[in-house]
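# A structural walkthrough
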Amino acid sequence: MQGTPEARQSISTGATTGLSIAALLLLWIVAAALTDDAQVLPQPWALIQPFLRELISGELLYHLGATLLRVIWAFSLAMLAGCALGLVMGRYPRVNQWLDPWLVIFLNLPALVLIVLCYLWIGLNETAAILAVVFNKIPNVATVIREGARALDPQIDAMAKVYRMSGWARLRHVTVPQLAPFITAAARSGIAVIWKIVLVVEFLGRSSGVGFQIHLYFQLFDVAMVLVYAFSFIVVMLMVEWLVLQPWERHVRRWRAE
């Protein structure tokens, strides 16, 4: 039994992904062997013991949880605000003319500047940390959604008006389905950027999280522990990508293949 085309495609994709990760691991092993200095680049198996130590002590899960919570808050707020702003700018040219310069300025404003300003203005607290990430990501989300809003089919919108659909019904059944690919693209790029900015926020001004731990072990010149925390959160983000974002993307694009 050969299985369905979708199953074969899934197996092929999984095999390719596994081989790609194995190649990256092999490259790491070779680089570590050539360096021949665990203080510069330890072998992958040298991370197992410190990883288990941090996991058993509870430190790893505590800091992973703190970072993940900040990522969830920042991602949710940035997506909501960015989608709303992008939709309005895409649908109303006059609003777009006013806000486009703002968008360009914030797109080119370094993330580090916004993080420092939020800490200076609001203080070294969770509100400043999350808002710094949100302000960094909103322009990117708004830019993607604005292009989606400009690409909306006017004939479908006109049909909705003929059937006298309410504003909420039109948003739910007409606008959002057409914007789904753009929302998915903004979400996939957003989650990758947001967690990196969260680490910088934690590195500069928080007392918990993966970024804080990386800062701590950076001061101790402990490369192994830096890699343990970095790769631990990368694994978490990969699981989010493979188990949540990619299935969601396939779901919202399914109607295009039918």
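Overview of the structure.

Definitions and limits used
- The numbering scheme is per chain: residues are counted from 1 as the chain's sequence reads.
- Totals for whole chains, interfaces and linings use all residues, but because this is a predicted model, local features are given only for residues with pLDDT of at least 70 and pairs of side-chain atoms are given and counted only at 80 or more.
- Hydrogens and water molecules were not included; the side-chain quantities draw on all heavy atoms of the structure.
- Between buried and exposed lies partly exposed: a residue is buried under 20% and exposed over 50% of the maximum accessible area for its type, with that area taken using a 1.4 Å probe on protein chains only.
- Secondary structure elements are taken from DSSP: a helix is a run of H or I of four residues or more, a strand is a run of E of two residues or more, and numbering for both begins at the N terminus.
- Read the arc as the range of directions from the helix axis to the C-beta atoms.
- To qualify as a nonpolar core, a set must consist of buried Ala, Val, Leu, Ile, Met, Phe, Trp, Tyr and Cys residues joined through side-chain atoms within 4.5 Å.
- The contact rule is simple, with two residues in contact once any of their heavy atoms fall within 4.5 Å.
- By definition here, a salt bridge exists when the distance from a side-chain nitrogen of Lys or Arg to a carboxyl oxygen of Asp or Glu is within 4 Å.
- Patch definition: residues with relative accessible area over 30% and no salt bridge; like charges joined within 9 Å; nonpolar side chains (Val, Leu, Ile, Met, Phe, Trp, Tyr) joined within 5 Å.
- Per-residue and other accessible areas follow the Shrake-Rupley method at a 1.4 Å probe size, with only the shown protein chains counted as cover for residues.

## Some details on helix α9 (residues 210-219)
Given 3.6 residues per turn, any residue in an α-helix points the same way as the ones three and four places further on. Residues of α9 that are buried: V210, G211, Q213, I214 and Y217. Seen from one end, α9 has its buried residues packed into an arc of 160°, which puts them on one side.

## So, the nonpolar core
Core analysis: the biggest nonpolar cluster contains 40 residues, and M79, I194 and V201 have the highest contact counts within it. Broken down by secondary-structure element, the contributors of at least two residues to this core are α3 (59-91), α5 (111-122), α6 (126-150), α8 (167-205), α9 and α10 (223-257). No other element matches the 11 residues that α8 contributes to this core. Beyond its immediate chain neighbours, meaning those up to four positions away, M79 contacts V141, I183, A186 and A187. By size, the runner-up hydrophobic cluster in this structure holds six residues, among which are W28, A32, L47 and V228.

## Re the pattern of salt bridges
Within this structure, the stated rule accounts for six salt bridges. In this structure, the salt-bridge partner of R206 is E126, at a minimum N-O distance of 3.0 Å. Of the two residues, R206 sits in the loop between α8 and α9 while E126 sits in helix α6, which places them 80 residues apart along the sequence. Residue classification places E126 among the partly exposed positions, given a relative accessible area of 31%.

## A word on a nonpolar patch on the surface
A cluster of nonpolar side chains, namely I21, F231, I234, V235, L238, M239, W242, L243 and V244, defines an oily patch on the protein surface of about 760 Å² accessible area. Here the nonpolar patch takes eight residues from α10, the largest share from any one element. The topology assignment puts V244 in helix α10. Judged by relative accessible area, which is 48%, V244 ranks as partly exposed.

That is the geometry; function is a separate question.
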